[in-house]
Amino acid sequence: MNDDRFKIFSGTANPVLAESICRHLDVPLGKALLGRFSDGEIYFQILENVRGADVFVVQPCHAPVDSHLLELLLMIDAFKRASAWRITAVLPYYCYARQDRKDKPRVPISSKLVADLLTTAGAHRALVIDPHTAQLQGFFNIPVDHLFASPVLVDYFKKLSLPNLTVVSPDAGGVERARFFAKKMDAALAIVDKRRVEMNVAEVMHVIGDVHGRTCLVIDDLIDTAGTLVKTAQALLDSGATAVYACCSHPVLSGPAVENIINSPLTEVVVTNTIPLTEAAKQVPKIKVLTIAGLIGRAIQSIHEETSVSKLFL
């Protein structure tokens, strides 16, 4: 692309992904200064002219979540005040997406608040990858492009040609995602019924569907502590599965996640690079990382050229 009004900038959350997107589009990464004062306050300055430019800010808001989110808000505000024509917040990982409703008394709807903050800061549109719940798009009063990482994941597992494949949803909420994946893989579908006993702790109940003698692929939008994933894998093996693979879009991998995966019966866990792996996770042979830079790059190009992004869906 040769357009001096088209610019991509990155925060500190995942600069490697932003650089990969820029290489895919053959454009330079925007020049900016992002640092901190001695008391921890964030300082941001744009080091090139963006007046009238179509600006894309790449910033997944993973841990430290609040720091990365505030970085993004300050960057958007800076581009607004520098008279950028349009600002698109590119969030490969959308934080607070799991807090999308009042499921208990006196709790906030945090994902709605994040959407409001992005809009107030000056974002004209947002691009998100697998934001946990599709209705999150309705929290925005600006256009939202909601992409799935499934094209990248499906392509990988098709090449593996796993025998007698059954795609498994780890909970009732992920059935639609798993059904879509199973259709593209021409595979059977199963569901694991679970009961969450407290935050980050789930008790697997039973498997719905026949998995005996089959290779199972558990698909989810994110892996946090991996506790549910490990229990799901064990439940599938106890039900007669021959092997269990897992995949997700966002490798949050917090707390004991890496240790849980190492000690689990999982054959392989496939993730994308929406979130950079920790050094500990990089040392685990079971964890395979696929790049999503090409998918995001094509979406950014479509947004800039005002063409349809429908072709990016499987």
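These numbers were taken from a predicted model, which means no experiment stands behind them.

### A word on the overall build of the protein chain
- Within the protein chain, the secondary structure is distributed over 9 helices and 14 strands.
- Referenced to the eigenvectors of the C-alpha coordinate spread, the extents of the protein chain come out at roughly 60 × 45 × 35 Å.
- Within the protein chain, buried positions represent 53% of all 314 residues.
- Considering only contacts in the protein chain between residues 6 or more positions apart, those separated by 24 or more positions represent 65%.
- Carbon and sulfur atoms make up 52% of the accessible area of the protein chain, which totals about 14,500 Å².
- One way to put it: in the protein chain the 32 positive side-chain charges average out to a point 3 Å from where the 33 negative ones average out.

### Here we look at helix α1 (residues 15–25)
- Of all the residues in α1, the buried ones are Leu17, Ala18, Ser20, Ile21, Cys22 and Leu25.
- Considering only its buried residues, α1 is in contact with β1 (6–10), β4 (54–58) and α9 (293–305).

### Concerning the packing of helix α2 (residues 65–81) against helix α3 (residues 110–121)
- Closest axis-to-axis distance for the α2/α3 pair is 8 Å, and the angle between their directions is 25 degrees. Taken together, the axes of α2 and α3 lie roughly parallel to each other. Mapping the contact onto sequence places Leu69, Leu72, Leu73, Ile76, Asp77 and Lys80 in α2 and Val114, Leu117, Leu118, Thr120 and Ala121 in α3.
- Split into classes, the residues belonging to the contact of α2 with α3 amount to 8 nonpolar, 1 polar and 2 charged.

### So, the side chain of Thr88
- The topology assignment puts Thr88 in strand β5 (residues 86–91).
- A relative accessible area of 0% means that Thr88 is categorised as buried.
- In contact with Thr88, not counting residues within four places along its chain, are Val55, Phe56, Val57, Arg125, Ala126, Leu127 and Ile303.

Calculation notes
- Residues numbered from 1 in each chain as written.
- Predicted model: local features only at pLDDT ≥ 70, side-chain atom pairs only at ≥ 80, totals over all residues.
- Heavy atoms only, no water.
- Helix = DSSP H or I, 4+ residues; strand = E, 2+ residues; numbered from the N terminus.
- Buried < 20%, exposed > 50% of the residue type's maximum accessible area, 1.4 Å probe, protein only.
- Contact = heavy atoms within 4.5 Å.
- Areas by Shrake-Rupley, 256 points an atom, 1.4 Å probe, with all protein chains shown as cover.
- Lys, Arg positive; Asp, Glu negative; His and termini not counted.
- Charge placed at Lys NZ, Arg CZ, Asp CG, Glu CD.
- Axes fitted to C-alpha atoms, helices over the stretch in contact; angles between N-to-C directions.
- Parallel < 35°, antiparallel > 145°, perpendicular 65-115°, else oblique.
- Nonpolar A, V, L, I, M, F, W, Y, C, P; charged D, E, K, R; others polar.

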